[in-house]
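# Understanding the architecture of this molecule
So you can see what is in the structure, the chains are spelled out below.
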Amino acid sequence: MQEQHEVASGGSPAAVRCVAGTPGAQQLPLETLSLNQGQAGVPARVHFLLPQELQGHNLPPGSNMLQSQTGGGHLGLRVFHRWATEGGRDNLFVSLTGSRLAAPLIERLLELPMDISSGTIDGELHVAANDDATWEFPALTGKLACRDADLHFWDSPDDIVGANMDLLFERDRVYLHKATGAYGAIPLSVSGDMDLDPLRGGQYRLQASVGAVEVNALRASLGVRPIPFPIAGALRGVLHVTGPLEKPIFSGSASAVRPPPALLVGVEHTPALEALLADSTAVVAYDRIPATAANGVFTLDTATEMFVLHSGQAVPAGGGLIQAAGKMWVAAAAENDPRAIAMEAGGSGLSAAGLAAAYLAAEGDQVTSSSPSGISVLAGVGPVGVRGSLTGSHVAPTTRVDWAAPSSGITGTANFRPSGLAVATSGPGFSLRASAATSNPTADLARAANTQAEATVYGAPRVEAFQLEGSLASVDLLPLAQAAAPPAAAPNSSNTSNGHGSKFMGDAPPALVDGSPVRARVNGTLRLSAVRDDSAVARRQAGLPGEPGTGAYLFTGPVVLEGLRLNQLCLAHHLAGDITLTQPRLLLRGKGAGRGGDELLELDLALPATPSASQTPPIMAQGAGGQGSVPVKLYYPPGFAPSAAPATPAGATALLPEAVAGQGVRQAATAAAARLYGGSGRAGSVG
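In this text the structure is predicted, and so the values were computed from the model without any measurement. (Residues numbered from 1 in each chain as written. Predicted model: local features only at pLDDT ≥ 70, side-chain atom pairs only at ≥ 80, totals over all residues. Heavy atoms only, no water.)

### Regarding the overall build of the protein
Secondary structure summary: the protein contains 12 helices and 34 strands in total. With 687 residues in all, the protein has 34% of them scored as buried. For the protein, the exposed surface amounts to about 37,100 Å²; the carbon and sulfur share of it is 59%. (Helix = DSSP H or I, 4+ residues; strand = E, 2+ residues; numbered from the N terminus. Buried < 20%, exposed > 50% of the residue type's maximum accessible area, 1.4 Å probe, protein only. Areas by Shrake-Rupley, 256 points an atom, 1.4 Å probe, with all protein chains shown as cover.)

### Notes on helix 4 (residues 271-278)
Within the span of helix 4, buried status applies to Ala272, Leu273, Ala275 and Leu276. With its buried residues spanning 160° around the axis, helix 4 presents them on a single face. (Arc of directions from axis to C-beta.)

### Description of the pattern of salt bridges
This model, assessed by the stated rule, comprises 13 salt bridges. Note that Asp193 is salt-bridged to Arg205, the shortest N-O span being 2.8 Å. You can see Asp193 sitting in strand 12 (residues 186-195) and its partner Arg205 sitting in strand 13 (residues 203-214), a full 12 residues away along the chain. Residue classification places Arg205 among the partly exposed positions, given a relative accessible area of 30%. Between Arg433 and Glu469 there is a salt bridge, and its shortest N-O distance comes to 3.1 Å. Linking Arg433 in strand 26 (residues 430-439) with Glu469 in strand 27 (residues 462-476), this pair joins segments that are 36 residues apart in sequence. (Salt bridge = Lys/Arg side-chain N within 4 Å of Asp/Glu carboxyl O.)

### Remarks on the nonpolar core
In terms of nonpolar packing, the biggest core is built from 24 residues, with Met165, Leu167, Phe169, Leu176, Val190, Tyr204 and Leu206 touching the most fellow members. Only strand 8 (114-129), strand 9 (139-153), strand 10 (160-171), strand 11 (173-183), strand 12 and strand 13 provide two or more residues apiece to this core. Looking at this core element by element, the count peaks at five residues for strand 9. Setting aside anything within four residues of it in sequence, one finds Leu167 in contact with Gly142, Lys143, Leu144, Val174, Tyr175 and Leu176. Core analysis: the next-biggest nonpolar cluster, separate from the first, contains 10 residues, Val267, Ala272, Ala282 and Tyr635 among them. (Core = buried A, V, L, I, M, F, W, Y, C linked by side-chain atoms within 4.5 Å. Contact = heavy atoms within 4.5 Å.)

### Here's the deal with the pairing of strand 23 (residues 397-405)
In this structure, strand 22 (residues 383-392) lies alongside strand 23, joined through eight bridges in antiparallel fashion. Following the sheet pairing, Val386 is matched in strand 23 by Trp403. Between strand 22 and strand 23, which follow one another and run antiparallel, lie four residues. Of the strand pairs in this sheet, strand 23 and strand 24 (residues 410-417) are connected by seven bridges, and their pairing is antiparallel. Its bridge partner being in strand 24, Thr399 is matched across the sheet by Phe416. Linking strand 23 to strand 24, which pair antiparallel, is a turn of four residues; within it Gly409 sits at a positive phi near 75°. (Pairing = 2+ DSSP bridges.)

### Re the packing of aromatic side chains
Under the criterion given, the structure shown has three aromatic pairs. Ring geometry for Phe229 against Tyr286: centres 6.1 Å apart, planes inclined by 55°, an arrangement best described as tilted. Of this pair, Phe229 sits in the loop between helix 3 (215-221) and strand 14 (231-244) while Tyr286 is found in strand 17 (residues 284-286), placing the two residues 57 residues apart along the sequence. A residue is classified by how much of its surface remains accessible, and Tyr286, at 42% relative accessible area, is partly exposed. (Phe/Tyr/Trp six-rings, centres within 6.5 Å; stacked < 30°, edge-to-face > 60°.)

### Here's the deal with the pairing of strand 30 (residues 569-582)
Here is the key point about a regular strand: its side chains alternate between the two faces of the sheet. Direction of pairing for strand 29 (residues 554-566) relative to strand 30: antiparallel, over a ladder of 12 bridges. Paired with Leu566 across the bridge in strand 30 is Leu569. Counting the residues in the hairpin turn of strand 29 and strand 30 gives two residues, including Asn567, whose phi is positive at 55°.

### Comments concerning helix 7 (residues 452-459)
Because an α-helix packs 3.6 residues into every turn, residues spaced three or four apart end up facing the same way. In terms of burial, helix 7 is a largely internal element, seven of the eight residues being buried. Those residues of helix 7 that fall on the buried side of the exposure criterion are Gln452, Ala453, Glu454, Ala455, Val457, Tyr458 and Gly459. Of the surrounding elements, those touching the buried residues of helix 7 are helix 3, strand 16 (267-268), helix 6 (443-447) and strand 33 (632-636).

### So, the side chain of His81
Checked against the element boundaries, His81 lands in strand 6 (residues 73-82). A polar contact is formed between the side chain of His81 and the side chain of Asp90, at a distance of 3.2 Å. (Polar contact = N/O pair within 3.5 Å; in protein donor to acceptor, adjacent residues only side chain to side chain.)

### Let's talk about unusual backbone geometry
Most peptide bonds take the trans form, and the phi angle of most residues other than glycine is negative. Non-glycine residue Arg171 carries a positive phi angle of around 60°. A positive phi angle is found at Asn567, which is not glycine, with a value near 55°. Mapped onto the elements of the fold, Asn567 is located in the loop between strand 29 and strand 30.

### Thoughts on the environment of Glu562
Along the polypeptide, Glu562 turns up in strand 29. Judged by relative accessible area, Glu562 falls into the partly exposed class, the value being 29%. When the C-alpha atoms of Glu562 and Thr525 are compared, they prove to be 5.2 Å apart, with 37 residues separating the residues in sequence. Apart from the residues lying within four places of it in its own chain, the contact partners of Glu562 are Gly524, Thr525, Arg527, Ala572, His573 and His574. One polar contact links Glu562 to His574, side chain to side chain, over a distance of 3.1 Å.

### Quick look at the environment of Leu569
Within the secondary structure, Leu569 is located in strand 30. Put simply, Leu569 and Val522 are 47 residues apart on the chain and 9.5 Å apart in space, counted from C-alpha to C-alpha.

### Quick word on the environment of Gly98
Looking at where Gly98 falls in the secondary structure, it is placed in strand 7 (residues 91-102). In this view, Gly98 contacts His74, Leu75, Ile121, Asp122 and Gly123; residues no more than four positions away in its chain are not counted.

### Some words on the side chain of Asp337
The residue Asp337 is located in the loop between strand 20 (321-329) and strand 21 (341-351) in this model. A polar atom in the side chain of Asp337 sits 2.8 Å from the backbone nitrogen of Arg339.

### Describing the confidence of the model for the protein
On average, residues of the protein carry a pLDDT of 74, and 69% of them reach 70 or more. Counted against residues more than four places away or in other chains, residues 621-626, with its pLDDT under 50, gives two contacts. Confidence drops under pLDDT 50 across residues 645-687; counting only partners more than four residues distant or on other chains, this segment forms 83 contacts. (pLDDT = per-residue confidence, 0-100.)

Encoded structure:
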C-alpha cells in the first residue's frame, strides 16, 4: 500500500493530509497520531484527513502539493510513504522546499543548541529512511542557501552575525560553500564539511580564514577578560576544526599585522597602544615593548581541555628574537591545579638598553638607547640571552627568568610569585640580591575586570616589604657617569673662547695633567630591609599628608654600609642607621665608629615620578557597592573621531574619557568592525 501525505504549515498546528493512492487507503478511519514533544511551538499531534475531508481546502487543480506562507517566506513539504513488506522496513521520503523562509523557523522545527534571531533560507532538503541504517539516522540530500543570519550558540560568549553560506547535504554529511560572517568582532571565511550523526563517530573537517582583528576585540569575542599588562595590535590567521562532533579539536596559526586605523577606533588608550603608534615598524606591543613581527602555531583539544603552543616567535623592536612553547590546561579545575601551566621561552640577541628604555625614559620622550636618563649605560652590556618558564596554577603561577650577557660577563636570575619576588644579578666587580614580599588585596576585582584600566590597576601587586644586598669591588663610576650625562651642547663663542668646557659634556674622557685617565673606583657593601609603614605617627614624621592607607607609600627599616671607599679614600668603615623611602623622597641616616672618630651620614634625595606611576589611572571614588571604578580613555585615529567628540586639530589624537568602564570601548569596537567589514558587527557580552 502506497500513500502520499501533504503537509501545509501556517500559524496554526500543521495538518497532515492523507491522499490515498489505493482503494484500501480510503478505508482508513479518522484518527490522531501522537508525536514526541519537540521545541516550543512545534505541533505535538498530527491529524490525518480522509480524501473527502480535503474538498474544502481549495487544492490547486492537478496538484497534490500544498503550500503556504510562513514568516514572510514560502514553504512546501511532500511526504512519500510505503508500508514495509515482510522482513523489510518502511520507505519514507520527505521533501521540503522553501523560498525566503525566516531562519528562526529552523530553530522552532529542530532541536538545535542555538538561538536564531534573523536571516533567510532558500533551497530544498530531502529526508529519506528505508533501511535499518537510515531509520537510525536519515539520509539527507539537498542544498540550502542561508543569507544574513544572526545566531547565538548557547554556550558561546558572543554572536555569529551576518552569516552567508550554502549548505550541500549528502546523506550524513554537509558541505559548507562560501561561508562568511563574523563571530563577534572576528571576521571569518569557512569552507569544508562535517558529519551530521554524532553516534557514528561524526567528524569536523573545516578550515576558517580569519581576517585582521584587533587583539582586544578578539579577546572580548572569545570571552577572555583583560590581563594585567596591556597588549595592542592585530592578528590574522587560519583555524582548522577537526575531531569528533561532541569534542572538536581547534588548531591553526596566527600572525601579527599592523592594525589599520579603522580597527583602532574606540580602543582603550594604553601604554601598549602608545608604543605601537610610536614605532611605525611595529605590528604588536606588549605593555611598553613593541615588536616588529610575531606569530604562533597552536592546538586546543576540547576533549582533554588542553591548549598547546607548538611554536611562538616575536621580534622586539630593539632587536633579537624571542621563542616560546608549552601547554596549558584550561579546564575549570585547572584554576588551582599546580600542574595546569608548563610554558617555556627563550630569547637571544636582545638589547638591554632598548628594553629598559621603554620603562625608564621620561613620559613623552622618544624611546632610544641614547636617552639622557642613564639608559645608555646599559648599551655596554651587549646582546643578552634569556631563558624563562611559567609554571603552576592559573591563580598562582610562578615565573622564572635567567639572563646572561656573554660579552660583559653579566648574569642573573629572577623568580616571581603572587606572594613575592626575588632577583639576583652579578658581573665584573658587582653583585646584587633583592627580594620583596607582595600581596594583592584587589585580586578578585582584577579577575572580574571588564576593561584594561581595571585589570592594570587592580592587578598590580602591593609591596609589603623588601630586602636588598649589594656590593661593589673597584667599580669605576666615571665611565658610567659620562655615558649617562646629557649630550654636549653645540659650541658657541661663550664656551669656546676661554677653552673651559666640561669634560663630562664632551667626547674625551677626563684625564689628569700627565694624561692618565681619572678613576673613581668604588668599593663597599650595602644591606637594607624595609617594611611598609602605614601608621599615622610615621606618616607625620615623613611629612606625608592624608590618612594611613591612602596617598603615597612609606617604607622604613634599617640600613648598613660597610667598607665604603672611593679609590684610596675611606668614606665609611661601618655605618648603621635607618632608611625612609616614600614616593617623593629617599632619606637615609647612618652613624658609626670609624678610625678617626664617629662617622655620620645623612642623604636626602628627591625622587622623580616613574612613568608607570604617572600613567596609572586613578581610582575614582567608591560607589554604593564599595567598589571603585577606573576611568577609561578611548583612542580615535585622526579622521575617525565621533561627531559628539570635541574637534581636534589636524593630525591630533582624540582621547575621550569614558565614565562607565567598558561600555564605550565595546560600542566603539562594534562600530569600527561594521565600518571595516560592512557587517552589522554585534559584540557579545564578556562574562
